[in-house]
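So you can see what is in the structure, the chains are spelled out below.
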Amino acid sequence: MSQTITEMELLRDKIRLKTLKELHHLGFGHYGGSLSIVETLAVLYGGVMKIDRANPKWEERDYFILSKGHGGPAYYAALAMKGFFAEEVLYTLNQNGTSLPSHPDRNLTSGVDMTTGSLGQGISVAVGVALSHKLSGKSNSTYCIVGDGELNEGQCWEAFQFAAHHKLHHLSVFVDDNKKQLDGLTKDIIEPIDFAEKFNAFGFYTLKVDGSSIPEIYDAIKLGKSQIEKPVAIVLDTIKGQGVPYLETKADNHHIRPNAKDEAAILEAIAELERSMERRITG
């Protein structure tokens, strides 16, 4: 297991580095909510999910749906690191003619299972995917990341109630509880109360973990797989801009068009990640 964790931690660093580089190259973008899901992506794509980069539409694969589609830059970085497309494509993010639009599009990007971006709808699709697998007698797992701000949408909770009713135990929902959304602190816009208690009340097997901890996320997924009736909710205690101290403390870090100070901090974060990865590789 220690080797698996080590590999996932290296993948985490690669995803975070590539996310920063592609956004820096673009000159603006969704830094905060992309960085807060890096660890979860590293665990899912680092050994949990059944995928085949040579056959992205493999029918036996596990499905991943990024309901909070603005986290696309980190998602693309994960796919590139797993070989779904060349790393150089990352630098075409959100440009004319790109295969990497601002929000994921299944018709454009290899490895993307569902087009998302209209908040509240991705989780509904994930529930439908999980139900279709159950009705077909298949064992494919479905994984979905939703944002804490996104859970202001009533559609999400309708989907969760439906998932619990149909006992979709192959469905795992990750809540990126990074405490912020576009317009400010989540608690100031609509107080979320306690996500874990709410998911329990909706019939989910629920766990709360440190969303920056690879081992905790990995262990939670393994525990969730022991369920044979309930869908799984894993509430991730995260920080918007996670892994980059300067961005973690920046007030408006949902979408950033960097000023000179931001630019210097982002470049330093890129350099530090490169140094850290070099130390990790060379021992």
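Check the entry above for the structure.
Chemist: What exactly am I supposed to notice about unusual backbone geometry here?
Modeler: Glycine aside, residues mostly have negative phi, and peptide bonds are mostly found in the trans state. One non-glycine residue, Lys167, lies in positive phi territory at about 50°. Examined against the element boundaries, Lys167 turns out to sit in the loop between α6 (154-165) and β3 (171-177). For Lys167, a relative accessible area of 38% translates into the label partly exposed. A positive phi angle, close to 75°, is found at Lys179, a residue other than glycine. Tracing the sequence through the fold places Lys179 in the loop between β3 and β4 (180-181). In this structure Lys179 comes out as partly exposed when scored by relative accessible area, which is 35%.

Chemist: Looking at this model, I keep getting lost on the pattern of salt bridges. Mind explaining?
Modeler: Pairing between side chains of opposite charge can happen when the charged atoms of each approach one another. Enumeration over the complete set of coordinates arrives at 14 salt bridges. Close ionic contact of Arg16 with Glu39 constitutes a salt bridge, the shortest N to O distance being 3.0 Å. With Arg16 in helix α1 (residues 2-26) and Glu39 in helix α3 (residues 38-48), this residue pair connects regions lying 23 residues apart in the sequence. Overall, Arg16 belongs to the buried group, its relative accessible area being 4%. Classification of Glu39 by relative accessible area gives buried; the value is 4%. Put simply, Lys138 and Glu59 hold a salt bridge, and the shortest N to O gap is 3.9 Å. Of this pair, Lys138 sits in the loop between α5 (121-135) and β2 (142-147) while Glu59 sits in the loop between α3 and β1 (63-66), and the two are 79 residues apart along the sequence. When salt bridges that share partners are traced, they join Glu268, Glu272, Arg275 and Arg279 into one network.

Chemist: How do you make sense of the state of the cysteines when you look at a structure like this?
Modeler: Summed over all chains, the structure comprises zero disulfides. The closest cysteine sulfur to the non-disulfide-bonded Cys144 is located on Cys156, 8.5 Å from its own sulfur. Residue class for Cys144 comes out buried when judged on its relative accessible area of 0%. With relative accessibility at 0%, the residue Cys156 sits in the buried group.

Calculation criteria
- Residues numbered from 1 in each chain as written.
- Predicted model: local features only at pLDDT ≥ 70, side-chain atom pairs only at ≥ 80, totals over all residues.
- Heavy atoms only, no water.
- Helix = DSSP H or I, 4+ residues; strand = E, 2+ residues; numbered from the N terminus.
- Buried < 20%, exposed > 50% of the residue type's maximum accessible area, 1.4 Å probe, protein only.
- Salt bridge = Lys/Arg side-chain N within 4 Å of Asp/Glu carboxyl O.
- Disulfide = S-S within 2.5 Å.

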